[in-house]
Amino acid sequence: MGSITAPPGYAEAAAALRHVHEQESAIEVAKLIAVAAMCDRYRVDDSVIVAGCEETMVYGADGTPALGAFLSLEVAGILQISDKTAGTLIAETLNLRHRHPLLWEAVLAGRVRSWPARQVTWKTKELSAEKCRGLDRQLAAALAHQNPQRALRTVDRLVLAADPDRAREKADRAARARDVRVFGIIDGHTDVWGRLDPGDGVALDEALARIAAALPESDGDHGQRRAKALGWLARNANGETVPDHLPLGTPHPGIGDGRRFRRGRSAELVVHLTGTAGQSGVELSPVARVDGYGPVLTDQLGTVLAGCQVKVHPILDIADVVPVDGYQVPERMRRIQEARNPSCVFPFSGISSRYCDLDHTIPFDHQAPAGAGQTSLANTAPLSRKAHRAKTHAGWRLDQPEPGLYQWTSPAGFQYTVTPHGTIAHPAPTRDHQAAA
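All of these numbers come straight from a predicted model, not from anything done at the bench. (Residues numbered from 1 in each chain as written. Predicted model: local features only at pLDDT ≥ 70, side-chain atom pairs only at ≥ 80, totals over all residues. Heavy atoms only, no water.)

Draft legend 1. Just the overall build of the protein chain, in detail. Secondary structure assignment for the protein chain yields 14 helices and 17 strands. Per-residue burial for the protein chain yields a buried fraction of 37% across its 437 residues. Accessible surface, the protein chain as shown: approximately 25,300 Å² in total, 54% of it carbon and sulfur. (Helix = DSSP H or I, 4+ residues; strand = E, 2+ residues; numbered from the N terminus. Buried < 20%, exposed > 50% of the residue type's maximum accessible area, 1.4 Å probe, protein only. Areas by Shrake-Rupley, 256 points an atom, 1.4 Å probe, with all protein chains shown as cover.)

Structure follows, in structure tokens:
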């Protein structure tokens, strides 16, 4: 166990960083308030009707007011940005204020940073104002308690579920734009861009990962080996002989010289489906979540899972999961833990719990008597390897007062509460608390 005593002055430096963060947030909010005030007060002179005079335009999406077209020029000059960028800022401000009133209030109160809130307005821009207001509480909660990357993934799922018909239309438009392009040689390399069917994209990702893992480390880091793997896939399809150790399958007679094809996929793809009990059985949610890839309409899962062997693991009542004495976490307990806490429970982490260690909150006692039941949902926490090491060796303290609720104290005395829905950062510690930490 490493030292849990922070070096002299460390807590004060950490408090200064928290203060700077809060001031940055306050400045961002003040800018939005100022832009909103300008929008409220800007007027177009209707008495001027000559050619080229100012007209009104709608900067934002459905439900936002029309404003003078020259307002963006005033904002651009003040902020020393382009007219287009100023128009974008106006649109984001209006969208937040008129289409997401609860999220707007959360930004003004400092519970949500402005930049991810502004990104939300673009993710929801094709939804009606009514649908946006229907999602508003969930969006505000996600951005208040999750790190921005995880929160924006949650937003994608909520937007997809809010209007499945529009999501299908967008998917159809995207399908017509599928393409793969290989660009010219620059600096001895070529760039590749593509838009694929989701099932093909997942299959390609799995194939590249599997082949990269079989390549020697002398071929570079993981990303460089994935690039090499794509080349081997192409050479295999072109009939060239490929190394025997690569997982490209067994030679297939009659289909080119040297080409090899594997039947079936061996990688595990985890899909999360939820549903509610209805009169005619279980009604599935219109949106499923594919671990590592994001949300997809449930009726499109057939495309994503094409060629896969599907195995269903129902997540049942957690009360049925009894504690065990062994150090290793049983598979069923792990799956329920991952469903309960989908992300690493370190504050604001966005790492999927599927890739985490399951750490014992109270350290495992190998000398404990039989029946102690130290491995349970009440005494395990999904932690990334780095967070696990910090808890073990660097003075980060973790408690689990009730199953699924985690309380952290940092070496500088900052405290956080982590739930399945995200993180609550508590006020900065006082000097007395910092000294005690």
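Draft legend 2. Representation of helix H4 (residues 101–108). Listing the buried residues of H4 in full gives Leu 103, Trp 104, Ala 106 and Val 107. Down the axis, H4 shows its buried residues gathered within 160 degrees of arc, on one side only. Note on H4: the residue one or two positions beyond its end, Gly 110, has a positive phi of about 85 degrees. (Arc of directions from axis to C-beta.)

Draft legend 3. Molecular detail of the side chain of Gln 374. Structurally, Gln 374 is set in the loop between strand E12 (357–360) and strand E13 (380–383). Side-chain polar atoms of Gln 374 contact the backbone nitrogen of Asp 365, separated by 2.7 Å. Here Gln 374 is in contact with Val 324, His 360, Pro 363, Phe 364, Asp 365, Ala 368 and Asn 379, once residues within four sequence places are set aside. (Polar contact = N/O pair within 3.5 Å; in protein donor to acceptor, adjacent residues only side chain to side chain. Contact = heavy atoms within 4.5 Å.)

Draft legend 4. Representation of the sheet that holds strand E7 (residues 271–272) within the structure. Taking strand neighbours across the sheet as the criterion, the 3 strands line up as E7-E10-E11 in an open arrangement whose pairing is antiparallel. Single-partner strands in this sheet number two, and they are E7 and strand E11 (294–297). Strands strand E10 (287–290) and E11 of the sheet are contacted by helix H7 (residues 148–162), whose axis makes an angle of about 10 degrees with E11. (Pairing = 2+ DSSP bridges. Axes fitted to C-alpha atoms, helices over the stretch in contact; angles between N-to-C directions.)

Draft legend 5. Quick look at the pattern of salt bridges. Tallied over the full model, the rule gives 17 salt bridges. With a closest N to O distance of 4.0 Å, Glu 126 and Arg 173 form a salt bridge. With Glu 126 in the loop between helix H5 (114–123) and helix H6 (129–145) and Arg 173 in helix H8 (residues 164–176), this pair connects stretches of sequence that are 47 residues apart. Arg 334 is paired through a salt bridge with Glu 338; the nearest N and O atoms lie 3.1 Å apart. With a gap of 4 residues between them, Arg 334 and Glu 338 both fall in helix H12 (residues 331–340), about one helical turn apart. For Glu 338, a relative accessible area of 16% gives the class buried. (Salt bridge = Lys/Arg side-chain N within 4 Å of Asp/Glu carboxyl O.)

Draft legend 6. View of the packing of aromatic side chains. Under the counting rule described, the total for this entry stands at 5 aromatic pairs. Ring plane angle 85 degrees and centroid distance 5.2 Å describe the contact between Tyr 327 and Phe 364, whose orientation is recorded as edge-to-face. With Tyr 327 in the loop between helix H11 (301–304) and H12 and Phe 364 in the loop between E12 and E13, this residue pair connects regions lying 37 residues apart in the sequence. Three or more aromatic residues joined by ring pairs form one cluster here, namely Phe 346, Trp 396 and Trp 408. (Phe/Tyr/Trp six-rings, centres within 6.5 Å; stacked < 30°, edge-to-face > 60°.)

Draft legend 7. Molecular detail of the pairing of strand E16 (residues 415–419). Both strand E15 (residues 405–409) and E16 contribute to a ladder of 4 bridges, which runs antiparallel. Of the residues in E16, the one forming a bridge with Tyr 406 is Val 418. Here E15 folds back onto E16 in antiparallel fashion, the turn holding 5 residues, of which Gly 413 has a positive phi close to 95 degrees. Here E16 runs beside strand E17 (residues 422–425); their pairing, made up of 4 bridges, is antiparallel. The partner of Thr 419 across the bridge, within E17, is Gly 422.

Draft legend 8. The arrangement of the sheet that holds E15 in detail. Strand order in the open sheet formed by 4 strands is E14-E15-E16-E17, with antiparallel pairing between adjacent strands. Two strands in the sheet have a free side with no partner beyond their single neighbour: strand E14 (397–402) and E17. If you compare each strand with its neighbour and ignore which way they point, the axes differ by 25 degrees on average.

Draft legend 9. Geometry of the side chain of Thr 298. Within the fold, Thr 298 resides in the loop between E11 and H11. Polar side-chain contacts of Thr 298 include one of 2.6 Å to the backbone oxygen of Ser 285. A distance of 3.3 Å separates the side chain of Thr 298 from the backbone nitrogen of Val 287, its partner in a polar contact. Not counting residues up to four positions away in its chain, the partners in contact with Thr 298 are Leu 273, Leu 284, Ser 285, Pro 286, Val 287 and Ala 288.

Draft legend 10. Up close: a nonpolar patch on the surface. A surface patch of nonpolar side chains, about 480 Å² in accessible area, is lined by Val 180, Val 182, Val 192, Leu 196, Leu 204 and Leu 230. Take Leu 204: it is sitting in helix H9 (residues 198–214). (Patch = residues over 30% accessible without salt bridge, like charges linked within 9 Å, V, L, I, M, F, W, Y side chains within 5 Å.)

Draft legend 11. A look at helix H1 (residues 10–41). Its 32 residues place the ends of H1 47 Å apart at the C-alpha level, agreeing with the 46 Å of an ideal helix rising 1.5 Å per residue. Buried within H1 we find Ala 11, Ala 14, Arg 18, Ser 25, Val 29, Leu 32, Val 35, Ala 36 and Cys 39. (Expected span 1.5 Å × (residues − 1).)

Draft legend 12. Structural detail: the packing of helix H2 (residues 71–79) against helix H3 (residues 83–99). Direction vectors running N to C along H2 and H3 enclose 105 degrees, while the axes themselves pass 8 Å from each other. Taken together, the axis directions place H2 and H3 in an arrangement best described as roughly perpendicular. Residue-level contacts link Leu 71, Ser 72, Leu 73, Val 75, Ala 76 and Leu 79 of H2 to Asp 83, Ala 86, Gly 87, Leu 89 and Ile 90 of H3. Class assignment for the residues of the contact of H2 with H3 results in 8 nonpolar, 2 polar and 1 charged. (Parallel < 35°, antiparallel > 145°, perpendicular 65-115°, else oblique. Nonpolar A, V, L, I, M, F, W, Y, C, P; charged D, E, K, R; others polar.)

So, to be careful, I would describe these as geometric facts and stop short of saying anything about function.
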